[in-house]
Every structure is written in C-alpha cells, then in structure tokens.
Amino acid sequence: MKITINGTVTEVAATTLNDVLEETGYGGAKVATAVNEAFVPATLRATHPITEGDRVEIVAPRQGG
C-alpha cells in the first residue's frame, strides 16, 4: 500500500506502525512517531494500524544547539 513517510510517498507491506518502522530501517531506533498528525507513543506502535494514504512522521532526536 502507499503511505507518505516524512513527506515522501512510499510503498510498504506493513500493517502496523511498528512494522513500518522495521520495514524502513528504524526498528529499535529511539524516534518519535505520528500518524495523520496524531502522536503515537512507542507503547502503542505494535497495535496502531496503518492504512492506505496514511501520513507517517518519524523524527529522530538531535544533539547540539
């Protein structure tokens, strides 16, 4: 299915947010996530469904100032 990840349309086989992270190489990384502009905490990613057309944001923390 096609979803948008960080502004880029991407084809994925994933059905949950956790699967999206694994499929796109973020599995195990400490990131913040949102689906359709709603924050999804790490504890809910495994059960949060992903459907055609969803907009997913994955943000990694940065150091510096």
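In this text, all values refer to a predicted model and were calculated from it rather than measured experimentally.

## Quick look at the overall build of the protein
What the protein contains, in helices and strands, is 1 helix and 5 strands. Start at the N end of the protein and walk to the C end: the helices and strands fall as β-β-α-β-β-β. On C-alpha atoms alone, the protein measures out to a radius of gyration of 11 Å, which is about the 11 Å that the 2.2 N^0.38 rule sets for 65 residues. For the protein, buried positions account for 28% of its 65 residues. A fraction of 51% describes how many contacts in the protein between residues 6 or more apart in sequence connect residues 24 or more apart. For the protein, the exposed surface amounts to about 4,300 Å²; the carbon and sulfur share of it is 53%. For the protein, the distance from the average position of its 5 positive side-chain charges to the average position of its 8 negative side-chain charges is 9 Å.

## Quick word on the pairing of strand β3 (residues 32-35)
Note: β3 against strand β5 (residues 55-59), 4 bridges, orientation antiparallel. Opposite threonine 33, over in β5, you have isoleucine 58 as the bridge partner. Hairpin connection of β3 to strand β4 (residues 38-40): 2 residues between the antiparallel strands, including asparagine 36 at a positive phi of 50 degrees.

## What about the pattern of salt bridges?
Tallying each qualifying case throughout the model produces 1 salt bridge. Here arginine 55 ties to glutamate 37 by a salt bridge, and the two come within 3.8 Å at their closest N and O atoms. Of this pair, arginine 55 sits in strand β5 while glutamate 37 sits in the loop between β3 and β4, and the two are 18 residues apart along the sequence. On the basis of relative accessible area, arginine 55 is assigned to the partly exposed category, the value being 38%. Judged by its relative accessible area of 74%, glutamate 37 is exposed.

About the cut-offs
- Residues numbered from 1 in each chain as written.
- Predicted model: local features only at pLDDT ≥ 70, side-chain atom pairs only at ≥ 80, totals over all residues.
- Heavy atoms only, no water.
- Helix = DSSP H or I, 4+ residues; strand = E, 2+ residues; numbered from the N terminus.
- Rg over C-alpha atoms; globule rule 2.2 N^0.38 Å.
- Buried < 20%, exposed > 50% of the residue type's maximum accessible area, 1.4 Å probe, protein only.
- Contact = heavy atoms within 4.5 Å.
- Areas by Shrake-Rupley, 256 points an atom, 1.4 Å probe, with all protein chains shown as cover.
- Lys, Arg positive; Asp, Glu negative; His and termini not counted.
- Charge placed at Lys NZ, Arg CZ, Asp CG, Glu CD.
- Pairing = 2+ DSSP bridges.
- Salt bridge = Lys/Arg side-chain N within 4 Å of Asp/Glu carboxyl O.

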